[in-house]
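This is what each chain is made of:
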Amino acid sequence: MARQWGLDILRIISMAAVVFIHAAAQFWSLTDVHSSDWMAMNAYDSAVRWAVPVFVMISGALFLRPDCSQSIRRLYSKNIVRIVIVILVWGFVYALFYHFPEDISVKSLWAFIKACLLGHFHMWFLFMIIGLYIVTPVLRCVTRDAVATRYFLIVAFICNSLLPFITGFGHFSILDSLYTRGMISVPLGYSFYFVLGFWLNQHDFGKCRVGLSLAAIVLGYVMVFGLTCWASFDAGRGDTRFYDFFSLPVLLESVGVFVLVRGANVRSIRGRKVVSVMSGASLGVYLVHMLVMDALRNWFGLSTVAFNSVLAIPVTAISVIAISFVLAVALRKIPVVGKYIV
């Protein structure tokens, strides 16, 4: 199967969006919700909530495609083992910076070991991806049948997004109670986006693709931003319920971005080389960017509240992305081990 350059571009912009999320969230919960800084944080954060869902959809589009006949043994020996190595290496790195033992007591050493195994908070994504890889052989059984795939997505949409969105306003709690009693668990979680990425990648939406995608992105953004303002003003503090990656507005954003960019192509040799390098460095940027962000704040005073947040957020995010990219490319060039750690 020919390389889908649109998926590489999606990987690049999703990585940039993750950095923007963390930049906008630096002081989000500590900032007055009625201030202009908080409004800027909400505006930027609301615009990039699609980052993680799109990352998962990219993986689903690749791992569940019909021509992918990867065995379970290879899935574990190649994909899962590699991520485990990445978690252990970078868990150790972050533990050295944030959880270095204060003494040689059992308690301090155990805290350090736990930090190494669990990793920094942003590394939760790697554990989730391992979980998706483990159930990939089962999900392939679903995606082999078109009817089963559509049914899975319908049930997953209702359970993951629609019902939580309806009950998120504090009404219709009876729906939540009835749903909880059903104990439906199979289509829950990121397997929804995993299968959705496969399904969307298998369909050509024709001339309507651009218009529908842009409409979904704009509508999703307006809903995330507006509803977060409403919920936060009502609570008197930042309310994240509509930031949830499964919320209906974020789902709209995610589908819109994926469908809009997925079909993109890169024709020039130079362009393909640039996209290939940037896409290959995306994991490294993800792994190192929190260290860079904290270093810029602690050593140089650069943060999203260093000056007007409307400018401080993009300046911080772009600086972190640029530095992290250079570091990621350099790390990949380390002989023998580089390709295994980033």
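Refer to the structure presented above.
Cut-off values and rules
Residues numbered from 1 in each chain as written. Predicted model: local features only at pLDDT ≥ 70, side-chain atom pairs only at ≥ 80, totals over all residues. Heavy atoms only, no water. Helix = DSSP H or I, 4+ residues; strand = E, 2+ residues; numbered from the N terminus. Buried < 20%, exposed > 50% of the residue type's maximum accessible area, 1.4 Å probe, protein only. Contact = heavy atoms within 4.5 Å. Lys, Arg positive; Asp, Glu negative; His and termini not counted. Charge placed at Lys NZ, Arg CZ, Asp CG, Glu CD. Salt bridge = Lys/Arg side-chain N within 4 Å of Asp/Glu carboxyl O. Axes fitted to C-alpha atoms, helices over the stretch in contact; angles between N-to-C directions. Parallel < 35°, antiparallel > 145°, perpendicular 65-115°, else oblique. Left-handed = near helix turned anticlockwise from the far one by under 90°. Nonpolar A, V, L, I, M, F, W, Y, C, P; charged D, E, K, R; others polar. Core = buried A, V, L, I, M, F, W, Y, C linked by side-chain atoms within 4.5 Å. Phe/Tyr/Trp six-rings, centres within 6.5 Å; stacked < 30°, edge-to-face > 60°. Lys NZ or Arg CZ within 6 Å of the ring centre and 35° of its normal. Patch = residues over 30% accessible without salt bridge, like charges linked within 9 Å, V, L, I, M, F, W, Y side chains within 5 Å. Areas by Shrake-Rupley, 256 points an atom, 1.4 Å probe, with all protein chains shown as cover. Expected span 1.5 Å × (residues − 1).

A. Representation of the overall build of the protein in the model. When you go through the protein residue by residue, the secondary structure sums to 15 helices and 0 strands. Taken along the three principal axes of its C-alpha coordinates, the protein extends 55 × 50 × 50 Å. When each of the 342 residues of the protein is scored for burial, the buried share is 47%. When contacts within the protein are restricted to residue pairs at least 6 apart in sequence, long-range pairs at least 24 apart make up 82% of them. Of the charged side chains in the protein, 27 are positive and 15 negative; the average position of the first set lies 16 Å away from that of the second.

B. Quick peek at the side chain of R262. Tracing the backbone shows R262 in helix α11 (residues 248-262). Although buried, R262 forms no salt bridge, and the nearest oppositely charged side chain, D204, lies 4.9 Å from it. With sequence-adjacent residues up to four places away left out, R262 is seen in contact with Q4, G6, L7, L10, L200, N201, H203 and D204.

C. Representation of the side chain of S46 in the model. With respect to the helices and strands, the residue S46 is situated in helix α2 (residues 36-47). In this structure S46 touches Y221, V224, F225, Y243 and E253, once residues within four positions along its chain are discounted.

D. Expanded view of the packing of helix α4 (residues 72-98) against helix α5 (residues 106-118). Between α4 and α5, whose axes approach to 6 Å, the crossing angle comes to 135 degrees. Relative to α5, the element α4 lies oblique. As α4 packs across α5, the resulting crossing turns out to be right-handed. Judged by residue contacts, I87, L88, G91, F92, A95 and L96 of α4 engage F112, A115, C116 and L117 from α5. Class assignment of the residues belonging to the contact of α4 with α5 gives a composition of 9 nonpolar, 1 polar and no charged.

E. Fine view of the nonpolar core. In terms of nonpolar packing, the biggest core is built from 87 residues, with W90, Y190 and F258 touching the most fellow members. In terms of residue count, helix α1 (residues 5-24) provides more of this core than any other element does, 10 residues in total.

F. Representation of unusual backbone geometry in the model. One non-glycine residue, V336, lies in the positive phi region at around 70 degrees. Residue V336 is classed as exposed on the basis of its relative accessible area, which comes to 68%.

G. Fine view of the packing of aromatic side chains. Tallied over the entire structure, the rule returns 19 aromatic pairs. A ring pair is formed by W124 and F245, whose centres lie 6.4 Å apart and whose planes are at 20 degrees; its orientation type is stacked. Of this pair, W124 sits in helix α6 (residues 124-143) while F245 sits in the loop between α10 (209-235) and α11, and the two are 121 residues apart along the sequence. Among the aromatic residues, those joined into a ring-pair cluster are F55, W124, F125, Y190, F192, Y193, F245, F246 and Y286. The cationic tip of R3 hangs over the ring face of W5; the distance from NZ or CZ to the ring centre is 4.4 Å.

H. Examining a nonpolar patch on the surface more closely. Residues V84, L88, W110, I113, L117 and L118 make up a contiguous nonpolar surface patch of roughly 560 Å² in combined accessible area. Where the nonpolar patch is concerned, the elements lending two or more residues are α4 and α5. Looking at the nonpolar patch, the element that brings in the most residues is α5, giving 4 residues. Inspection of the secondary structure assignment puts W110 in helix α5.

I. A look at the environment of S69. Structurally, S69 can be placed in the loop between α3 (51-63) and α4. A relative accessible area of 71% places S69 in the exposed class.

J. The arrangement of α10 in detail. Taking 1.5 Å of rise per residue, the 27 residues of α10 would be expected to cover 39 Å, and the 38 Å separating its terminal C-alpha atoms lies within 8% of that figure. Within the span of α10, buried status applies to S213, A216, G220, V224, L227, T228, C229, A231 and S232. Where the residues of α10 are buried, they touch α2, α7 (146-167) and α11. At the exit of α10 stands G236, carrying a positive phi of roughly 80 degrees.

Take it as geometry only, folks, not as evidence of what the structure does.
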